[in-house]
Amino acid sequence: MKKFSFIFTAILFLILPALVAPSCDSNRGNIIPYVKVDLYLLLYADLADMGIGSAKVISNAGHQGIVLYREADLEFYAYDRTCTRFPDHDVAVVEDTSFFGVFECPQCGSTFLLMNGAEPNSGPARYPLVEYFTSIQGDVLHVYN
Ligand code: FES
């Protein structure tokens, strides 16, 4: 009886949580390698081509590049392009040409909806794209972390 009780306890406290808990290898959430981001972009020059609701990719920033999303005239959001399913794959999401405001991981097919905080829209990723801070001073957009 004592032996049975020990086995039952072991299953309950050791084995079961390991089966139920998500593996840290399968989804590391918003943990991507840290890269200093400190960009200054001119609203009426660098971003003049961005209409409200549009997105723009800045390739040489962040871990895998940054996607900017313009929600309103003076409201921008900036996300790292690294897919959050397996950040160590170093795969950048790309614009889905058939769905407006959607970026997709070319490896796992996860899609992220920019107008919804870059939350996963479909596919295996469970965490949104990593977001950077944005602020506007005069006619300059600052993107930083
Ligand atoms: S990056 Fe490998 S799963 Fe999306």
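Positions within a chain are numbered from 1, following the residues in the order the chain's sequence is written. In view of the model being predicted, local features appear only for residues whose pLDDT reaches at least 70, and side-chain atom pairs are presented and counted only at 80 or more, with totals across whole chains, interfaces and linings using the full set of residues.

(A) Molecular detail of the pairing of strand β3 (residues 66-72). Exposure classification rests on a simple neighbour count of other C-beta atoms within 10 Å of a residue's own: a residue reaching 20 or more is buried, one at 12 or fewer is exposed, and one in between is partly exposed. C-beta atoms are placed from the backbone. Going along the chain from the N terminus, every DSSP run of H or I of four or more residues is numbered as a helix, and every run of E of two or more is numbered as a strand. When you tally the buried positions in β3, you get 5 out of 7 residues, the bulk of the element. Here, any two strands with at least 2 DSSP bridges between them count as paired. The pairing of strand β2 (residues 55-58) with β3 spans 4 bridges and is classified as antiparallel. Its bridge partner being in β3, V57 is matched across the sheet by V67. Taking the residues between adjacent antiparallel strands as the criterion, β3 and strand β4 (residues 75-80) are bridged by 2 residues.

(B) Looking closely at the pairing of strand β9 (residues 131-137). Direction of pairing for β4 relative to β9: antiparallel, over a ladder of 2 bridges. Bridge pairing in β9 places A78 opposite Y132. Across 5 bridges, the pairing between β9 and strand β10 (residues 140-144) is antiparallel. Bridge pairing in β10 places Q137 opposite V140. Hairpin remark: β9 followed by β10, antiparallel, with 2 residues in the connecting loop; positive phi at G138, about 65 degrees.

(C) Spotlight on the confidence of the model for the protein. A residue-level look at the protein finds 79% of positions with pLDDT of 70 or above and a mean pLDDT of 83. For residues 6-29, every residue scores under 50 in pLDDT, and the model assigns this stretch 9 contacts once sequence neighbours within four places are set aside. The predictor reports its confidence for every residue as pLDDT, a score running from 0 up to 100. Any pair of residues counts as being in contact when their C-beta atoms, constructed from backbone geometry, are within 7 Å of one another.

(D) Spatial organisation of the nonpolar core. Note on terminology: a nonpolar core is any set of buried Ala, Val, Leu, Ile, Met, Phe, Trp, Tyr and Cys residues joined through C-beta atoms within 7 Å. Counting residues in hydrophobic clusters, the biggest one holds 27 residues, and the most contacted among them are I66, A78, Y79, V93 and F112. Sorting the residues of this core by element identifies β3, β4, β6 (102-104), β7 (111-113) and β10 as the ones contributing at least two each.

(E) The arrangement of the sheet that holds β6 in detail. Within the open sheet, the 4 strands sit side by side as β5-β6-β7-β8. Their pairing is antiparallel. Edge strands, defined here as strands with exactly one partner in the open sheet, are β5 (94-95) and β8 (119-122). Direction of pairing for β5 relative to β6: antiparallel, over a ladder of 2 bridges. Considered in β6, the bridge of E95 is made with F103.

(F) Fine view of the sheet that holds β3. If you trace the 6 strands from one edge of the open sheet to the other, you get β1-β10-β9-β4-β3-β2, paired in antiparallel fashion. The sheet is open, and its two edges are formed by β1 (38-42) and β2, each paired on a single side. Taking each pair of neighbouring strands and ignoring which way they run, the sheet shows an average axis angle of 25 degrees. For helices, the fitted axis covers only the stretch in contact; all axes are lines through C-alpha atoms, and the angles between them, taken along N-to-C directions, range from 0 to 180 degrees.

(G) Structural view of the environment of A45. If you trace the backbone, A45 turns up in the loop between β1 and β2. Looking at A45, the number of C-beta atoms within 10 Å reads 10, which means it is exposed. Between the C-alpha atom of A45 and that of D139, which follows or precedes it by 94 residues, the distance is 9.4 Å.

(H) Local environment of the environment of L39. Note that L39 resides in strand β1. Remark: the alpha-carbon pair of L39 and V140, spanning 101 residues in sequence, is separated by 9.7 Å. When sequence neighbours within four positions are dropped, the list of residues in contact with L39 reads A61 and V143.

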